[in-house]
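Now for the letters of each chain:
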Amino acid sequence: ADGNPDKAKQILANGGWKDSDGDGGVEKAGMNAEFTILYPVSNPTSQGLALAIAQMLKPVGIKVNVEGK
């Protein structure tokens with residue numbers, strides 16, 4: 001939604017994604033809006049980017065797990 005969290009929340013809500021349990025993350029049909037970003041542990045730039053993405057998506061209710069491999 002071009003960096004607009006409110007618009008992103010509206011798009012998710014229109015698609016049926018809601019925070020039905022009050023934990024801050026949205027769910028639909030019993031499934032959480034959640035995914036994992038894997039990055040190479042030898043690349044701190046990739047880690048920083050993955051963490052930034054996670055922080056940007058958290059306010060709209062999407063949980064991003066960041067994992068180095």
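The coordinates are above.
Here is a short report on the structure shown in this document.

Rules used in this analysis
Residues numbered from 1 in each chain as written. Predicted model: local features only at pLDDT ≥ 70, side-chain atom pairs only at ≥ 80, totals over all residues. Heavy atoms only, no water. Helix = DSSP H or I, 4+ residues; strand = E, 2+ residues; numbered from the N terminus. Buried < 20%, exposed > 50% of the residue type's maximum accessible area, 1.4 Å probe, protein only. Lys, Arg positive; Asp, Glu negative; His and termini not counted. Charge placed at Lys NZ, Arg CZ, Asp CG, Glu CD. Core = buried A, V, L, I, M, F, W, Y, C linked by side-chain atoms within 4.5 Å. Contact = heavy atoms within 4.5 Å. Expected span 1.5 Å × (residues − 1). Polar contact = N/O pair within 3.5 Å; in protein donor to acceptor, adjacent residues only side chain to side chain. Salt bridge = Lys/Arg side-chain N within 4 Å of Asp/Glu carboxyl O. Pairing = 2+ DSSP bridges. Right-handed = clockwise from strand over helix to strand, strands pointing away.

**Thoughts on the overall build of the chain**
1) Next: Along the backbone of the chain there are two helices and four strands.
2) Next: Looking at the 69 residues of the chain, the share that counts as buried comes to 20%.
3) Next: Here the chain contributes 7 positive and 8 negative side-chain charges, whose respective centroids are spaced 2 Å apart.

**Considerations on the nonpolar core**
Across soluble globular proteins, you tend to see nonpolar side chains buried next to one another.
1) Next: Listed in full, the 11 residues of the largest apolar core are Ala8, Leu12, Val26, Ala33, Ile37, Tyr39, Ala50, Ala54, Val60, Ile62 and Val64.
2) Next: When residues of this core are traced back to their parent elements, those giving at least two are helix 1 (5-14), strand 3 (34-39) and helix 2 (44-57).
3) Next: Beyond its immediate sequence surroundings of up to four residues, Ile62 is in contact with Leu12, Ala33, Phe35 and Leu57.

**As for helix 2**
1) Next: If you check helix 2, its first and last C-alpha atoms are 20 Å apart, about what 14 residues at 1.5 Å a residue would give, namely 20 Å.
2) Next: At the N-terminal end of helix 2, a side-chain oxygen is found 3.0 Å from the backbone nitrogen of Thr45, two or three residues along, and the residue is Asn43.

**Describing the pattern of salt bridges**
1) Next: Within this structure, the stated rule accounts for two salt bridges.
2) Next: The partner of Glu34 in a salt bridge is Lys63, with the nearest N and O atoms 3.9 Å apart. Placement of Glu34 in strand 3 and of Lys63 in strand 4 (residues 63-68) is noted, with a sequence separation of 29 residues between them.
3) Next: Taking relative accessible area as the criterion, Glu34 reaches 37% and is therefore assigned partly exposed.
4) Next: The partner of Lys69 in a salt bridge is Glu67, and the shortest N-O contact between them spans 2.9 Å.

**Some details on the pairing of strand 4**
Look at any regular strand and the pattern is simple: side chains alternate between the two faces of the sheet.
1) Next: Across six bridges, strand 3 lies against strand 4 in parallel orientation. Residue Glu34 lies in a different strand from strand 4, and its bridge partner there is Lys63.
2) Next: For the crossover that starts at strand 3, traverses helix 2 and ends in the parallel strand 4, the hand is right-handed.

**Looking at the environment of Tyr39**
1) Next: Position of Tyr39 relative to the elements: it lies in strand 3.
2) Next: Using a relative accessible area of 12% as the deciding quantity, one classes Tyr39 as buried.
3) Next: For the pair Tyr39 and Asp19, spaced 20 residues apart in sequence, the C-alpha to C-alpha distance is 28 Å.
4) Next: With sequence-adjacent residues up to four places away left out, Tyr39 is seen in contact with Ser46, Gln47, Ala50, Val66, Glu67, Gly68 and Lys69.
5) Next: At a separation of 3.2 Å, a polar atom in the side chain of Tyr39 contacts the side chain of Gln47.

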